[in-house]
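Take a look at the letters that make up each chain.
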Amino acid sequence: MDLELAGRCALVTGAGTGIGRATARLLAAEGAQVVLVARRLDALETLSAEIAAEGRPRPLSLAADLTDPDAPEHLRDQVNDRLGRLDILVNNAGGAEPAGATLDEALWRSQFELNFHAKRRLAEEFLPLLAAGGQGRVVNLVGILEPFGVSAAQAAVAACILWSKGFSRAVADRQVTVNCVAPGRIDSEQVRAHFPTRAAQEEFARQLIPARRFGTPEEAAALIVFLASGPARYITGDTFTVDGGMHRSI
Ligand SMILES: NC(=O)c1ccc[n+]([C@@H]2O[C@H](COP(=O)([O-])OP(=O)(O)OC[C@H]3O[C@@H](n4cnc5c(N)ncnc54)[C@H](OP(=O)(O)O)[C@@H]3O)[C@@H](O)[C@H]2O)c1
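Small disclaimer: the values here were computed from a predicted structure and weren't measured.

A. Focus on the pattern of salt bridges. Within this structure, the stated rule accounts for 15 salt bridges. We note a salt bridge from arginine 25 to glutamate 54, for which the minimum N-O separation is 2.4 Å. You can see arginine 25 sitting in helix H1 (residues 18-29) and its partner glutamate 54 sitting in the loop between helix H2 (41-53) and strand E3 (60-63), a full 29 residues away along the chain. Take glutamate 54: its relative accessible area is 46%, and that puts it in the partly exposed class. A salt bridge links glutamate 124 to arginine 120; the nearest nitrogen and oxygen atoms lie 3.1 Å apart. One end of the pair is glutamate 124 and the other is arginine 120, both in helix H4 (residues 105-132) and 4 residues apart, which spans about a single turn.

Below you can see the structure in the form of structure tokens.
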């Protein structure tokens, strides 16, 4: 199947590690010009050099802290000046914190900045460019909504899913699709921080994941890249899980 990604321009946040890194690699392998965004510029430049060495268009690396409310506008200006277009926005940067009964006020705010407002602001800033290309795609990384306790990140993710649905309806007539991808447990940098040993991963998977293992970043990236593709043009306003069967509600 031709994913119609050759020559498209895609921005991936949190592209230096985990799911974002795998997504950027796969988009580049399909011929897309990729823009890599995260705070750690060194990880982005390493990835950019790897992709260029494979004969793909060299990705542009842009350092940004997405909890800074001005970052989305600055990124839009840089992409506009350097590339003049954007077809695909993968809002992947995000993170979680240990759940508790009550959480620090500052944590609520920072989790909503990263896991909701940054994604919303980026989509709003890039909407004119996404619409101009005639095949705009927004993919928001969220999470499954089955709390183990109170999690500010999960509440922000719930807000992101609801906003995505409304946004998808508002922009559908501009040929822009908006979807969410909800990983269960994918073996990434932040997941390894919560499950530092293989035994801890295996015990969690044995109890809660029907597939009996954590997923790989590439397995999540495959879904994200399909939703970003040309043939996914009639799929919008939905949330898709990639979790080895972990979530229980339908
Ligand atoms: N892996 C899972 O099982 C799982 C489950 C549910 C949801 N998710 C979601 O999936 C997405 C990808 O996560 P992952 O598992 O691949 O984690 P990861 O490897 O830790 O990647 C997260 C990325 O986000 C970037 N980031 C974090 N804070 C940022 C900030 N303030 N500004 C800019 N970039 C920032 C990080 O780069 P820098 O540190 O360089 O900025 C990092 O590259 C996240 O939204 C996560 O919440 C993952």
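B. View of the side chain of serine 151. For serine 151, the position within the fold is in the loop between strand E5 (136-141) and helix H5 (152-171). Residue class for serine 151 comes out buried when judged on its relative accessible area of 14%. A polar contact is formed between the side chain of serine 151 and the backbone nitrogen of alanine 153, at a distance of 3.4 Å. With residues near it in sequence (within four places) discarded, serine 151 still touches Glu97, Ala99 and Leu103.

C. Looking closely at the site of the ligand. Residues in contact with the ligand amount to 26 residues; listed here are only the nearest, Arg39, Asn92, Ile186, Ser188 and Gln190. If the ligand stood free it would expose 870 Å²; the protein chains cover 92% of that surface. Sorting elements by how many residues they give to the shell around the ligand places helix H6 (residues 189-194) first, with 3 residues. Among the residues forming the shell around the ligand, the class breakdown is 11 nonpolar, 10 polar and 5 charged.

D. Quick look at the packing of aromatic side chains. As enumerated under the stated definition, the model contains 7 aromatic pairs in all. Between tryptophan 108 and phenylalanine 112, the ring centres sit 6.5 Å apart and the planes meet at 35°, which makes this aromatic pair tilted. In this pair, tryptophan 108 and phenylalanine 112 are both assigned in helix H4, 4 residues apart and thus about one turn of the helix distant. The exposure class assigned to tryptophan 108 is partly exposed, which follows from its relative accessible area of 27%.

E. Highlighting the packing of H1 against helix H8 (residues 217-227). Packing of H1 against H8 leaves a shortest axis separation of 8 Å and a crossing angle of 55°. Comparing their axes, H8 and H1 come out oblique. Here H1 runs over H8; the crossing is right-handed. Contacts between H1 and H8 pair Gly18, Ile19, Ala22, Thr23, Leu26 and Leu27 from the former with Pro217, Glu218, Ala220, Ala221, Ala222, Ile224 and Val225 from the latter.

F. Region of the structure containing the side chain of glutamate 113. Inspection of the secondary structure puts glutamate 113 in helix H4. Side chain to side chain, glutamate 113 and arginine 121 meet in a polar contact 2.9 Å long. Setting aside residues up to four positions removed in sequence, glutamate 113 forms contacts with Leu66, Thr67, Ala118 and Arg121.

G. Just the pairing of strand E6 (residues 176-183), in detail. Here E6 lies mainly inside the structure; 8 of its 8 residues are buried. Side-chain alternation along E6 places Val176, Val178, Cys180 and Ala182 on one buried face and Thr177, Asn179, Val181 and Pro183 on a second face that is also buried. Of the pairings in the sheet, the one linking E5 to E6 comprises 6 bridges and is parallel in character. What sits directly across from asparagine 140, in E6, is cysteine 180. Each parallel crossover has a hand, and the one from E5 via H5 to E6 is right-handed. Of the strand pairs in this sheet, E6 and strand E7 (residues 239-242) are connected by 4 bridges, and their pairing is parallel.

H. How the structure looks around the layout of surface pockets. Considered as a void within the structure, the second largest pocket measures approximately 200 Å³ in volume. What lines the second largest pocket is simply Gly143, Ile144, Leu145, Glu146, Ile161, Ala182, Thr239, Thr241, His247, Ser249 and Ile250. Of the residues in the lining of the second largest pocket, the class split is 5 nonpolar, 5 polar and 1 charged.

I. Expanded view of the packing of H1 against H2. It is at 11 Å that the axes of H1 and H2 come closest, and there the two elements cross at 25°. As far as their axial angle goes, H2 and H1 are roughly parallel. For the pair H1 and H2, the sense of crossing is right-handed. Note on element contacts: H2 touches H1 through Leu47, Glu50 and Ile51, opposite Arg21, Ala24, Arg25 and Ala28. Split into classes, the residues belonging to the contact of H1 with H2 amount to 4 nonpolar, no polar and 3 charged.

Analysis parameters
Residues numbered from 1 in each chain as written. Predicted model: local features only at pLDDT ≥ 70, side-chain atom pairs only at ≥ 80, totals over all residues. Heavy atoms only, no water. Salt bridge = Lys/Arg side-chain N within 4 Å of Asp/Glu carboxyl O. Helix = DSSP H or I, 4+ residues; strand = E, 2+ residues; numbered from the N terminus. Buried < 20%, exposed > 50% of the residue type's maximum accessible area, 1.4 Å probe, protein only. Polar contact = N/O pair within 3.5 Å; in protein donor to acceptor, adjacent residues only side chain to side chain. Contact = heavy atoms within 4.5 Å. Near = heavy atom within 4 Å. Areas by Shrake-Rupley, 256 points an atom, 1.4 Å probe, with all protein chains shown as cover. Nonpolar A, V, L, I, M, F, W, Y, C, P; charged D, E, K, R; others polar. Phe/Tyr/Trp six-rings, centres within 6.5 Å; stacked < 30°, edge-to-face > 60°. Axes fitted to C-alpha atoms, helices over the stretch in contact; angles between N-to-C directions. Parallel < 35°, antiparallel > 145°, perpendicular 65-115°, else oblique. Left-handed = near helix turned anticlockwise from the far one by under 90°. Pairing = 2+ DSSP bridges. Right-handed = clockwise from strand over helix to strand, strands pointing away. 1 Å grid on protein atoms, 1.4 Å probe; cavity = no way out; pocket = protein on both sides within 12 Å on 5 of 7 lines; lining within 4 Å. Points joined across faces, edges and corners; volume = space filled by probe spheres on them.

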